Amino acid sequence: MSGTDLDARLAARLRTLRAERGLSLDALAARTGVSRSMISVVERGESSPTASLLDRLAAGLGVTLAALFAEEERAGATPVSRRPDQAVWRDPETGYARRNLSPSGFPSALNLVEVVLPPGARVAYDTGPRAAPFDQQIWILEGSLDLAEGGSTHRLEAGDCLAMRLDGPTSFRNPADRPARYLVALAAGAARGRP
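First, a word on scope: everything that follows refers to the structure included in this document. (Residues numbered from 1 in each chain as written. Predicted model: local features only at pLDDT ≥ 70, side-chain atom pairs only at ≥ 80, totals over all residues. Heavy atoms only, no water.)

**As for the nonpolar core**
Thought 1: With 46 residues, the main nonpolar core has Leu 54, Leu 68, Tyr 96, Leu 117, Ile 138 and Tyr 182 as its most contacted residues.
Thought 2: With 6 residues, the single largest contributor to this core is helix 4 (residues 51–61).
Thought 3: For Ile 138, the residues in contact, after removing those within four places along its chain, are Leu 145, Leu 147, Asp 160, Cys 161, Leu 162, Met 164, Phe 172, Tyr 182, Leu 183 and Val 184. (Core = buried A, V, L, I, M, F, W, Y, C linked by side-chain atoms within 4.5 Å. Buried < 20%, exposed > 50% of the residue type's maximum accessible area, 1.4 Å probe, protein only. Helix = DSSP H or I, 4+ residues; strand = E, 2+ residues; numbered from the N terminus. Contact = heavy atoms within 4.5 Å.)

Written out as structure tokens, the structure reads:
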């Protein structure tokens, strides 16, 4: 899937999620601190939003960042996701790339994403507590990663796995001179009460 197709799908998904929740542009702006005009531009596919901005919108909609890139569940969706068909999105600010590994439209409480973080890059998600918490695990495939969350910073190396709850600000930084590649496994259905 090309970047243009993914941007169009992302824009449509944002509009759909906002409509399903009965939120006006003004209401979503108030929830997220993102201006009404910026949300409108993103929903029209006229801007390539940053990962940080998308995370703020996802939190305001009560979903994960991964959910913004997922297709709606549909009958007959294949349970197999072939590499050439997996959508890849690149953050225009940092060059961070995320590949949706899970089969598009197939019903599952688990979502897998492969991330490549360029050398020296840092991605920060500054959203506060979410209406619904989400559990995730991060498994480092190559390189190293400094992950800050909940007042702690974890240095993760290839083979390390960190389990965490998405319930507050987090940041990911690649301290090395080569890309860090890691797998994110996110379980939206596994939330266990308010964080």
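**Quick word on helix 4**
Thought 1: For helix 4, a buried count of 8 out of 11 residues is recorded, marking the element as mostly surrounded by other parts of the structure.
Thought 2: Residues of helix 4 that are buried include every one of Ala 51, Leu 53, Leu 54, Asp 55, Leu 57, Ala 58, Gly 60 and Leu 61, and no others.
Thought 3: Immediately downstream of helix 4, the backbone of Gly 62 shows phi near 75 degrees, a positive value.

**Points about the pattern of salt bridges**
Side chains bearing opposite charge may pair, as long as their charged atoms lie close to each other.
Thought 1: Across all of its chains, the model carries 14 salt bridges by this definition.
Thought 2: A salt bridge links Arg 9 to Glu 71; the nearest nitrogen and oxygen atoms lie 3.0 Å apart. Remark: Glu 71 occurs in the loop between helix 5 (65–69) and strand 1 (88–90) and Arg 9 occurs in helix 1 (residues 3–20); sequence separation between them is 62 residues.
Thought 3: On the basis of relative accessibility, which here comes to 18%, the residue Arg 9 falls in the buried class.
Thought 4: Among the salt bridges present, the one from Arg 83 reaches Glu 114, with a minimum N-O distance of 3.2 Å. Placement of the pair is Arg 83 in the loop between helix 5 and strand 1 and Glu 114 in strand 3 (residues 110–117), with a sequence separation of 31 residues.
Thought 5: In the salt-bridge network here, residues are joined through shared partners; they are Arg 83, Arg 99, Glu 114, Glu 142 and Arg 181. (Salt bridge = Lys/Arg side-chain N within 4 Å of Asp/Glu carboxyl O.)

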